[in-house]
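Descriptive structure summary
These are the residues of each chain, in order.
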Amino acid sequence: MNPKPRSTPPAACMADAHDVIRIRGARENNLKGLDVDVPKRRLTVFTGVSGSGKSSLVFDTIAAESRRLINETYSTFLQGFMPTMARPEVDRLENLTPAIIVDQERIGANARSTVGTATDANAMLRVLFSRLGQPHIGSSQAFSFNVPSARGSGRIAVEKGSGRSETREFIITGGMCPRCEGMGVVSEVAVEQLLDPEKSLAQGAITIPGYTVGGWMVRQYSESGFFDPDKPVRDFTEVEMRDLLYKEPTKVRISGVNITYEGLVPRITRSFLQKDIDALQPHVRSFVERAVVFTTCPDCGGTRLNEAARSSRIGDVNIADASAMQVTELAEWLRSIDEASVRPVIESLLQTVDSFIEIGLGYLSLDRASGTLSGGEAQRVKIVRHLGSSLTDVTYVFDEPTAGLHPHDIQRMNEILIKLRDKGNTVLVIEHEPEVIEIADHIIDLGPGAGPHGGRITFAGGLAALRASDTITGRHLGHKVALKDSVRPPSGSLAIRHATLHNLRDVSVDVPLGVLVVVTGVAGSGKSSLIHGSLAGHPDVVIVDQSPIRGSRRSSPATYTGLLDAIRTAFAKANGVKPALFSANSKGACPECRGLGVIVTDLGFNSTVETTCETCEGSGYDPAVLRYTLDGQNIVEVLSMTAAEAVDSFETGAAHTMLTRMVDLGLGYITLGQPLNTLSGGERQRLRLAISMAKKGLVYVLDEPTSGMHMADVENLLGMLDRLVERGDSVIVIEHHRAVMAHADWIIDMGPGAGHEGGRVIFEGTPADLVAARSTLTGMHLSEYVGR
């Protein structure tokens, strides 16, 4: 059974005016001037269909204002050093506490970030090895792959207050592998991708993104004094080419400013290659993938550590071995260490490690790169940071914390949310899962619809009242998808044989075709390894996942789906002009910002600053283009329409078909012109599916398509999956949602546990057979769901 919330009724916590976060006139995004009170030191769940305004209220209003006020406090002391944050569109917002946001965004953009460094577990592990490791090689920094070893000298005081000093040598003993500089991989740069040898520096010979003629980055080379800026690169001497590509940091003076000059290769290594590649802007990532080859470091074997750090052991385990252990195994190893002198360190480290296990991440390892975590995993790793925190009376903000969780793990998440609340904190959760809604002290439902049809409070109160309400959430809260009376017969099968990727244990299984197959199992059990690892690359398989959509900053649902082509053609036909006029990437671009909608100011070696273009007011279009209309609306107004609104404007043709698919997949609230990087993982996946559905007779693989979906939208998704199967396609869904499991024709259940405890097929058959057997965790939870 799920843990129950504290028995204090929600009404009691509203008795004192200071015991609520008071919101008046909230108008962020689609919010319609909301007035609402949120109880403090309680667990409040925000519900509503996708696009109803939940994030606008919780993240863009409450959390944003809390952070702005904190930022404003520090800005008083650090004027000029901290950015100014805009105040949310709200009349009054009272009684805020500091907000800690625990969302599904990637953890940083640094390639050095690992699960261990992100949670401080790595720091405690380094202290442990510095105390017990043999041979003893130094302090904890001797085990850090982020600290290099160095020798130097400096003047230090001989005696405090004497005014006398002397020069002494010092040695820094760090654990960084000198070959790969603690990255675990070495890179080789293809220099031909950096330069156009036919041009001079003044003509734009440097082809690296951001190196524009006349810009500060190019001037550092063309005005350095090392080269003739008008000389073609092909005519450079050997010394000049070496200085251009590899010269070590050297002080030079350009336009009266002292700067550090360095060759192109070390500069791009520092600027691009020490960041998470997937976090780079699309055009920069494309350049890196084209110009750089990465291989595992031959010196450290990918551990990132130098030989000294790898040589020191506790028993027969070095720090690289410990970091590579599955967290559950690391916990066992730590408990086997019986040494009183390090007992406090081990207890502290075990508290963090046990938190991983408690939250369902026991299958991870501390050396796992942060950038490889899914959105749900990243959010749960962030939670680990806070479980041992001594902070109280703060506001924790969660964005669908059950994303990617098996029903068995949702109970653990509920316990954690309640634990945070019981420490005296205010816990705000955006969530669709009924199991989380049921533990709330207070529920705020937004709607009634999405986009312009949402933005209102449709309910505020307790669980019983929500069930009795006539809201979409209330009506669907107790709704269950029944098992099918009969399942569709397969038309064939895809054979997977002897799969061993990651934790798979020589798995062989036949995946039925022509039906809806659902692959289940706890997080880390091997579902994605089995399906993605075995079927990716198959000519008839279309993988529709939640990975970022690669494109430029100008990309939008309209450009990605091809809708913009139909829209431009319609505008051109209606106005007797060329379609290119209605593209912000072409003739229709604003002359001031060149279609970006922002003015980018280059601050040289510091950074860049973006401000909204005053000429086009952020639209990216030449104001002259806006005089052309289609059914009374200009191009900017059309791109501001939601997919549901646009369906009525495009009643036939390919545009109508695409828009209808978007609506059927629960994307009716998405605006056609919004940047792609604002979409969630689930939204990106459904947009990909809308495009892929143009082809028939394929095998579609979907990875948790219900992510971010309201219960009402799940029904629409199931209808869409049925239509795919009925037209002759095969659908394989990796999913935790029990409504999808119940609706399947065939289930493949992985497990029985996660990581080393998983990797096996523990059930194959129909949902009814799985429920009848009740032999797996999935079977037991599905049985409970369907009432068997």
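Residues numbered from 1 in each chain as written. Predicted model: local features only at pLDDT ≥ 70, side-chain atom pairs only at ≥ 80, totals over all residues. Heavy atoms only, no water.

**Points about empty space enclosed by the protein**
- This structure, assessed with the given rule, holds one cavity of 30 Å³ or more.
- Computed from the structure, the largest cavity encloses a volume of approximately 220 Å³.
- As for the largest cavity, its lining consists of 19 residues, and the residues nearest its centre are Thr-402, Ala-403, Glu-433, Thr-706 and Ser-707.
- Split into classes, the residues belonging to the lining of the largest cavity amount to six nonpolar, eight polar and five charged. (1 Å grid on protein atoms, 1.4 Å probe; cavity = no way out; pocket = protein on both sides within 12 Å on 5 of 7 lines; lining within 4 Å. Points joined across faces, edges and corners; volume = space filled by probe spheres on them. Nonpolar A, V, L, I, M, F, W, Y, C, P; charged D, E, K, R; others polar.)

**Notes on helix α5 (residues 238-246)**
- If you check which residues of α5 are buried, you get Glu-240, Asp-243, Leu-244 and Leu-245.
- Against α4 (216-222), β10 (257-261) and α6 (264-273) lie the buried residues of α5. (Buried < 20%, exposed > 50% of the residue type's maximum accessible area, 1.4 Å probe, protein only. Helix = DSSP H or I, 4+ residues; strand = E, 2+ residues; numbered from the N terminus. Contact = heavy atoms within 4.5 Å.)

**A closer look at the side chain of Asn-634**
- With respect to the helices and strands, the residue Asn-634 is situated in the loop between β23 (608-612) and α20 (635-639).
- Judged by relative accessible area, Asn-634 falls into the buried class, the value being 11%.
- At 3.1 Å, the side chain of Asn-634 forms a polar contact with the backbone nitrogen of Val-636.
- For Asn-634, the contacting residues outside a window of four places in its chain are Phe-571, Leu-626, Tyr-628 and Thr-629. (Polar contact = N/O pair within 3.5 Å; in protein donor to acceptor, adjacent residues only side chain to side chain.)

**Things to note about unusual backbone geometry**
- A cis amide bond links Gln-134 with the next residue in sequence, Pro-135, at an omega value of 0 degrees.
- Here Pro-135 shows up in the loop between α3 (121-132) and β6 (150-157).
- For the bond running from Gly-751 to Pro-752, omega is 5 degrees, close enough to zero to count as cis.
- Assignment of secondary structure puts Pro-752 in the loop between β26 (746-751) and β27 (760-765).
- The phi torsion at Asn-29 lies on the positive side, around 50 degrees, for a residue other than glycine.
- Assignment of secondary structure puts Asn-29 in the loop between β1 (20-26) and β2 (34-39).
- Residue Asn-29 is classed as exposed on the basis of its relative accessible area of 57%.
- Positioned with a positive phi, Arg-304 is a non-glycine residue whose angle comes to about 80 degrees.

**Some details on the side chain of Gln-326**
- Take Gln-326: it is sitting in the loop between α9 (319-324) and α10 (327-335).
- Under the relative-accessibility criterion, Gln-326 is labelled buried at 4%.
- Engagement of the side chain of Gln-326 in a polar contact is seen with the side chain of Thr-328, the distance being 2.8 Å.
- The contact partners of Gln-326, leaving out residues within four places of it in the chain, are Gly-362, Tyr-363, Leu-364, Ala-754, Gly-755, His-756 and Glu-757.

**A word on helix α17 (residues 527-535)**
- Turning to α17, its buried residues are Lys-527, Ser-529, Leu-530, Ile-531, His-532 and Leu-535.
- At the C-terminal side of α17, Gly-537 shows a positive phi close to 95 degrees.

**A short note on the sheet that holds strand β5 (residues 99-102)**
- On the basis of which strands lie adjacent, the open sheet formed by six strands has the order β5-β14-β15-β3-β16-β17 and mixed pairing. The strands lining the two open edges of the sheet, one partner per strand, are β5 and β17 (456-461). Between one strand axis and the next, the sheet turns by 20 degrees as a mean value, whatever way the strands run.
- Across the face of the sheet, helix α12 (residues 375-387) comes into contact with β5 and β14 (395-399) while running at roughly 145 degrees to β5. (Pairing = 2+ DSSP bridges. Axes fitted to C-alpha atoms, helices over the stretch in contact; angles between N-to-C directions.)

**Focus on the sheet that holds strand β21 (residues 541-544)**
- The sheet built from six strands is open, its strands ordered β21-β24-β25-β20-β26-β27 with mixed pairing. At either end of the open sheet lies a strand with only one pairing partner, and these are β21 and β27. Here the strands of the sheet are splayed against their neighbours by 15 degrees on average, with no regard to which way each runs.
- Alignment of β21 against strand β24 (residues 699-703), held across four bridges, turns out to be parallel. The residue bridging Val-541 from the neighbouring strand is Val-699, located in β24.
- Against the sheet, helix α24 (residues 711-726) engages β20 (516-520), β24 and β25 (730-734), with an angle of about 145 degrees to β25.

**A few points about the nonpolar core**
- Formed by 72 residues in total, the largest nonpolar core has its most connected members in Leu-125, Leu-128, Phe-129, Trp-333, Leu-334 and Phe-398.
- In terms of nonpolar packing, the next biggest core, distinct from the first, is built from 67 residues, Met-641, Ala-655, Met-658 and Leu-718 among them. (Core = buried A, V, L, I, M, F, W, Y, C linked by side-chain atoms within 4.5 Å.)

**Regarding the packing of aromatic side chains**
- Applying the stated criterion to the full structure yields twelve aromatic pairs.
- Ring geometry for Phe-129 versus Trp-333: centroids 6.0 Å apart, planes at 20 degrees, classification stacked. Separated by 204 residues along the polypeptide, Phe-129 in helix α3 and Trp-333 in helix α10 bring together distant segments of the chain. Here the two residues Phe-129 and Trp-333 agree in accessibility, since each one is buried.
- Relative to Tyr-628, the ring of Phe-582 lies with its centre 5.9 Å away and its plane at 80 degrees, an arrangement referred to as edge-to-face. Remark: Tyr-628 occurs in the loop between β23 and α20 and Phe-582 occurs in the loop between α19 (563-575) and β22 (598-602); sequence separation between them is 46 residues. (Phe/Tyr/Trp six-rings, centres within 6.5 Å; stacked < 30°, edge-to-face > 60°.)

**Focus: the packing of α3 against helix α11 (residues 343-358)**
- Between α3 and α11, the shortest axis-to-axis distance is 10 Å and the interhelical angle comes to 155 degrees. By the angle between their directions, the pair α3 and α11 is classed as roughly antiparallel. Considering only the axes of α3 and α11, their crossing is left-handed. Packed against α3, whose contacting residues are Ala-121, Met-124, Leu-125, Val-127, Leu-128 and Arg-131, the element α11 presents Val-345, Ile-346, Ser-348, Leu-349 and Thr-352 at the interface. (Parallel < 35°, antiparallel > 145°, perpendicular 65-115°, else oblique. Left-handed = near helix turned anticlockwise from the far one by under 90°.)

**Quick word on the pattern of salt bridges**
- Applying the stated criterion across every chain yields a total of 35 salt bridges.
- One salt bridge in this structure joins Arg-219 and Glu-223, with 3.0 Å as the shortest N-O distance.
- A relative accessible area of 36% means that Glu-223 is categorised as partly exposed.
- Three or more residues are tied together by salt bridges with common partners; here these are Arg-22, Arg-24, Asp-37, Arg-92 and Glu-94. (Salt bridge = Lys/Arg side-chain N within 4 Å of Asp/Glu carboxyl O.)

**Some points on the state of the cysteines**
- Enumeration according to the criterion identifies zero disulfides in this entry.
- Looking at Cys-177, it has no disulfide partner, and the nearest cysteine sulfur is the one in Cys-180, 3.7 Å off.
- Just so you know, Cys-593 is unpaired, no disulfide at all, and the nearest cysteine sulfur is the one on Cys-616, 3.7 Å from it. (Disulfide = S-S within 2.5 Å.)

**Here we look at the packing of α11 against α12**
- In contact at an axis separation of 9 Å, α11 and α12 are set at 140 degrees when each is read in the N-to-C sense. One element, α11, and the other, α12, form an angle in the oblique class. α11 and α12 meet at a crossing whose hand is right-handed. Across the interface between the two elements, Thr-352, Ser-355, Phe-356 and Glu-358 from α11 touch Val-381, Val-384 and Leu-387 from α12.

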